[in-house]
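Read off the chains here:
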Amino acid sequence: VPFSLCTVLGQTEFIEGVEFSNGPMNVLKNKEEERMMMQSVVVPHEIRVTEAVLAHVQHHIRNNNNNNNTSSSSSSSCETTLLLKRKFEYNFKLCFVNVIMLHFVSFSGKEKEKEKEVLHLVEIYRFRHPMVQKIAALIHLIVSFTMLLVDFFLGT
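Residues numbered from 1 in each chain as written. Predicted model: local features only at pLDDT ≥ 70, side-chain atom pairs only at ≥ 80, totals over all residues. Heavy atoms only, no water.

**Some remarks on the overall build of the chain**
Where we set the bar: In this description a helix means any DSSP run of H or I spanning at least four residues, a strand means any run of E spanning at least two, and both kinds are numbered starting from the N terminus. Should any heavy atoms of two residues lie within 4.5 Å, those residues are considered in contact. Surface accessibility follows the Shrake-Rupley procedure with a 1.4 Å probe radius. Residue values consider only the protein chains on display as shielding.
Each helix and strand in the chain was counted, giving four helices and five strands. In sequence order, the secondary structure elements of the chain are arranged as α-β-β-α-α-β-β-β-α. Contacts in the chain between residues at least 24 apart in sequence constitute 58% of all its contacts with a sequence separation of at least 6. Carbon and sulfur atoms form 58% of the exposed surface of the chain, whose accessible area is close to 10500 Å².

**A short note on the environment of Lys 87**
Quick reminder of the rule: The classification of residues rests on relative accessible area computed with a 1.4 Å probe and restricted to protein chains. Under 20% of the type maximum is buried, over 50% is exposed, and intermediate values are partly exposed. Under the rule applied, a polar contact is a pair of N or O atoms within 3.5 Å (in protein, one hydrogen donor and one hydrogen acceptor; residues adjacent in sequence only if both atoms are side-chain atoms).
Its place among the elements puts Lys 87 in strand β3 (residues 83–92). Judged by its relative accessible area of 2%, Lys 87 is buried. With 68 residues separating them in the primary sequence, Lys 87 and Glu 19 have C-alpha atoms 6.8 Å apart. Leaving out residues up to four positions away in the same chain, Lys 87 has contacts with Glu 16, Gly 17, Val 18, Met 36, Met 37, Gln 39, Val 41, Met 101 and Leu 102. There is a polar contact of 3.0 Å between the side chain of Lys 87 and the side chain of Glu 16. A distance of 2.6 Å separates a polar atom in the side chain of Lys 87 from the backbone oxygen of Gln 39.

**Remarks on the packing of aromatic side chains**
Condition: Only Phe, Tyr and Trp rings are paired, with Trp represented by its six-membered ring, and only when their centres lie within 6.5 Å; those with planes under 30 degrees apart are stacked, over 60 edge-to-face, the remainder tilted.
One pass over the full model with this rule turns up six aromatic pairs. Pairing Tyr 90 with Phe 92 gives two aromatic rings, centres 5.9 Å apart and planes at 25°, and the pair type is stacked. Relative accessible area serves as the criterion here: at 7%, Phe 92 is assigned to the buried category. An aromatic cluster is built from Phe 3, Phe 14, Tyr 90, Phe 92, Tyr 125 and Phe 127, whose rings are joined through pairwise contacts.

**Some remarks on the nonpolar core**
To keep things clear, this is the line we draw: Side-chain atoms within 4.5 Å link the members of a nonpolar core, which is a set of buried Ala, Val, Leu, Ile, Met, Phe, Trp, Tyr and Cys residues.
Membership of the largest hydrophobic core comes to 18 residues, with the highest contact counts inside it found for Met 38, Leu 84, Leu 102 and Phe 104. Among the nonpolar cores identified, the runner-up in size contains seven residues, and Cys 95, Val 97, Val 99 and Met 101 belong to it.

**Concerning the pattern of salt bridges**
Stated precisely, the cut-off is as follows: Any Lys or Arg side-chain nitrogen located within 4 Å of an Asp or Glu carboxyl oxygen qualifies as a salt bridge.
The tally for this structure, following the rule as stated, stands at four salt bridges. The partner of Arg 126 in a salt bridge is Glu 46, with the nearest N and O atoms 2.4 Å apart. Pair noted here: Arg 126 is in strand β5 (residues 117–127) and Glu 46 is in the loop between α2 (32–37) and α3 (51–68), with a separation of 80 residues, a long-range link. Residue classification places Arg 126 among the partly exposed residues on the basis of a relative accessible area of 23%. Classification of Glu 46 as partly exposed rests on a relative accessible area of 49%. Note that Glu 117 is salt-bridged to Lys 85, the shortest N-O span being 3.0 Å. Pair noted here: Glu 117 is in strand β5 and Lys 85 is in strand β3, with a separation of 32 residues, a long-range link. We classify Glu 117 as partly exposed; its relative accessible area is 43%.

Right, here's the structure in full:
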């Protein structure tokens with residue numbers, strides 16, 4: 001809601017938008033060009049995708065593939081392909097927030113031609129104002145605690 005309000009009031013600055021017209025970039029390769037595309041243009045050392053974020057997305061992909069795979073071969077042992085398809089960067093001035101949004105693509109099976117493409121959205125935020133940082137930390141704590149309770153009681 002606050003980000004929509006920024007946009008309605010004309011307080012959203014579009015910084016960058018990249019669509020990879022030559023095809024998505026494989027971000028799991030250790031190439032500097034791919035790593036540079038996964039960070040902010042404005043504050044590259046503060047807003048960037050870390051190895052932990054990529055590992056989390058890969059873990060999610062493997063779990064999803066295992067849940068959808070009924071054969072005896074485990075997809076967790078095969079290599080996950082994760083491609084960067086789009087990147088957007090915004091400055092929400094009224095909320096004191098910078099954000100990069102990355103669209104990653106993976107495939108639901110071993111062969112890309114035969115399986116469907118799955119889109120993963122990763123958003124990295126930087127809260128510039130101390131009060132906004134505290135509010136965001138409190139919301140994060142509440143959501144994390146709620147997710148723990150849901151996991152405990154529902155056993156998912």
